[in-house]
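# Structural description and commentary
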Amino acid sequence: MKFVGVTLAALIGATSAFAPQHVAKRSFISAPSLQMAEQFDQEAFIAESKEMRLKHLEEQAMFALKIAVENYGNAVFPNALIAGDCVITHLLHRMGYLESGKAKVMVVDTFHLFPETMEFLKEIEEAYNFKAEVFCAEGIPVGDKEAYDKRYGADLWKEDIEQYDKVCKVEPFQRGLKTLATDCMINGRTRWQGFERAWIDQFENAPIGGGLAKCNPIAYWTLEDTFDYIAKYKVLAHPLHAKGYPSIGDAKDTIPIPEDGSTKFVDFKFQGDPVPWLDYASERKGRFVGLANKDGSTKTECGIHVAGAEKTFDRDLWEDGAVKQIDTNEKALEIKNSGKESVVVVYAPWCQFCQGMEEEYSKFASEMSDMDVYKFRGDEEREFVQKELNTESFPTVNVIKADGSVIKYESEKRDVASIKAFVESTLEKSAA
């Protein structure tokens with residue numbers, strides 16, 4: 001890559017818009033405002049300046065991508081197919097890294113994306129001659145929404161947005177990086193996207209994966225720069241830009257900006273006022289709409305890029321100890337109809353509340369020597385546990401009485417003493 005040095009003297013000595021001739025003989029203070037327009041074509045000057053800026057940003061981004069791909073063995077680009085990511089995809093294509101396979105592309109399908117998103121992925125795969133690796137919720141075949149709904153629940157995002165993010169975004173994202181043996185992650189974040197990203201640089205150590213190297217090739221670009229690049233090279237861009245969406249995420253919480261869809265990017269040109277899209281920190285205003293974090297704050301991140309994101313839960317709960325496992329629906333019915341009293345927790349290993357009660361429930365099982373204490377993984381058998389084991393959310397602790405009736409523990413106090421008191425109270429009432 002060549003860099004051209006230009007001296008200050010050369011700029012001053014050149015006849016151009018940068019150095020109007022005979023400046024000392026003119027009095028701009030007293031001259032009418034129209035005289036400025038007579039000296040040079042303002043629109044042409046602005047266009048030339050923007051082109052110079054874009055050329056610099058292109059070279060800078062390509063230089064960063066070259067370092068990321070050539071200096072590391074497994075550079076991976078997690079592609080969300082938003083405008084900036086389409087620019088990076090095009091740059092990687094121009095540099096030959098997609099077709100050669102030197103840079104891999106991965107996509108996370110949350111099963112809640114707009115239908116246009118995965119169709120658009122197919123379009124750019126064909127155009128740029130590469131194949132993305134698609135990852136989704138653990139244990140679910142790619143593209144199988146029905147299987148996802150059965151295992152995790154279609155309304156998981158309504159029940160617990162943090163768990164939804166973990167199951168549908170963070171865990172598959174981390175699994176994708178691990179599966180592809182990523183040693184440098186290419187990312188489309190920019191300083192222009194908001195205050196929480198205002199100080200990122202082109203290279204950093206990500207707060208995930210133990211300090212994974214991260215390349216942010218367009219870190220210094222504005223959203224206007226991004227769309228200028230798309231227009232300049234006629235880059236394939238997400239079709240929802242033409243319907244008023246500046247950024248595209250899940251269909252459930254992404255809206256046009258403005259909401260009436262009056263700003264659009266159609267045929268490589270803006271229609272309507274572009275300011276609602278291009279103003280600082282406005283690109284993502286239509287994302288995470290109506291969602292809040294558990295502390296009540298407005299949601300602005302899905303958790304993928306924050307510290308601790310790599311701490312996904314990839315093991316089962318109660319793998320050792322006194323808690324017995326129920327493997328099948330048939331076994332659960334057998335226990336329910338056995339005529340013996342028992343306790344069953346219906347759980348999901350990815351659920352933070354199930355994880356939080358693991359130690360106490362283990363102790364409880366150890367202390368209940370005269371009664372069987374079970375676990376049953378309910379996220380894989382939702383219809384069954386809803387019908388047979390009182391389960392609408394995880395964890396659900398049930399006492400199974402000798403007559404086969406199932407009594408749900410309603411409290412969120414999941415310590416040994418509280419669970420034991422509930423069990424004893426329930427069985428005493430039954431005996432009376």
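Summary of the structure given here. None of these values were measured; they are calculated from a predicted model. (Residues numbered from 1 in each chain as written. Predicted model: local features only at pLDDT ≥ 70, side-chain atom pairs only at ≥ 80, totals over all residues. Heavy atoms only, no water.)

## Focus on unusual backbone geometry
- Here the amide bond leading from I257 into P258 is cis, since omega sits at -15 degrees, within 30 degrees of zero.
- Within the element layout of this structure, P258 appears in the loop between α10 (223-233) and β7 (264-266).
- The amide bond that connects F394 to the next residue, P395, takes the cis arrangement and shows omega of -5 degrees.
- Examined against the element boundaries, P395 turns out to sit in the loop between α15 (382-388) and β12 (396-400).
- Its identity is not glycine, yet F111 carries a phi of approximately 70 degrees, on the positive side.
- One non-glycine residue, F268, lies in the positive phi region at around 70 degrees.
- Tracing the sequence through the fold places F268 in the loop between β7 and β8 (269-271).
- A relative accessible area of 31% means that F268 is categorised as partly exposed. (Helix = DSSP H or I, 4+ residues; strand = E, 2+ residues; numbered from the N terminus. Buried < 20%, exposed > 50% of the residue type's maximum accessible area, 1.4 Å probe, protein only.)

## Side note on the environment of W221
- Along the chain, W221 falls in the loop between β6 (213-215) and α10.
- In this structure the C-alpha to C-alpha distance between W221 and G84, which are 137 residues apart in sequence, comes to 9.0 Å.
- If near-sequence neighbours (up to four positions away) are discounted, W221 is found in contact with L54, L57, E58, A61, V87, T190, W192, T226 and Y229. (Contact = heavy atoms within 4.5 Å.)

## Observations concerning empty space enclosed by the protein
- Here the structure, examined in full by the defined rule, presents 3 cavities of 30 Å³ or more.
- Within this model, the second largest cavity holds a volume of roughly 50 Å³.
- Contributing to the lining of the second largest cavity are I82, G84, G188, T190, Q193, I218, W221, T222, L223, T226 and E283.
- Residues belonging to the lining of the second largest cavity are distributed by class as follows: 4 nonpolar, 6 polar and 1 charged. (1 Å grid on protein atoms, 1.4 Å probe; cavity = no way out; pocket = protein on both sides within 12 Å on 5 of 7 lines; lining within 4 Å. Points joined across faces, edges and corners; volume = space filled by probe spheres on them. Nonpolar A, V, L, I, M, F, W, Y, C, P; charged D, E, K, R; others polar.)

## Comments concerning the pattern of salt bridges
- Tallied over the entire structure, the rule returns 30 salt bridges.
- The salt bridge involving D316 is made with K375; its shortest N-O contact spans 3.2 Å. With a gap of 59 residues between them, D316 in the loop between α11 (275-278) and β9 (324-325) and K375 in strand β11 (residues 372-377) connect regions that are remote in the sequence.
- Given a relative accessible area of 2%, K375 falls into the buried group.
- Here K420 makes a salt bridge to E367, at a shortest N to O gap of 2.6 Å. Of this pair, K420 sits in helix α16 (residues 416-431) while E367 is found in helix α14 (residues 358-367), placing the two residues 53 residues apart along the sequence. (Salt bridge = Lys/Arg side-chain N within 4 Å of Asp/Glu carboxyl O.)

## Thoughts on the sheet that holds β11
- Strand order in this open sheet of 5 strands is β9-β11-β10-β12-β13, and the pairing throughout is mixed. The open sheet has two free edges, formed respectively by β9 and β13 (406-408), since each of these has just one partner strand.
- As paired strands, strand β10 (residues 342-347) and β11 are joined by 6 bridges and run parallel to one another. Bridging from a neighbouring strand, V344 pairs with Y374 of β11.
- Together, β10, β11, β12 and β13 form the strand contacts of helix α12 (residues 329-336), whose direction differs from that of β11 by roughly 150 degrees. (Pairing = 2+ DSSP bridges. Axes fitted to C-alpha atoms, helices over the stretch in contact; angles between N-to-C directions.)

## Considerations on the pairing of strand β1 (residues 75-78)
- The side-chain alternation of β1 yields two buried faces, one formed by A75 and F77 and the other by V76 and P78.
- Across 4 bridges, the pairing between β1 and strand β2 (residues 103-108) is parallel. Looking at β2, one finds that F77 is bridged to V105.
- Here β1 runs beside strand β4 (residues 184-186); their pairing, made up of 2 bridges, is parallel. Counted as the bridge partner of A75 is C184 from β4.

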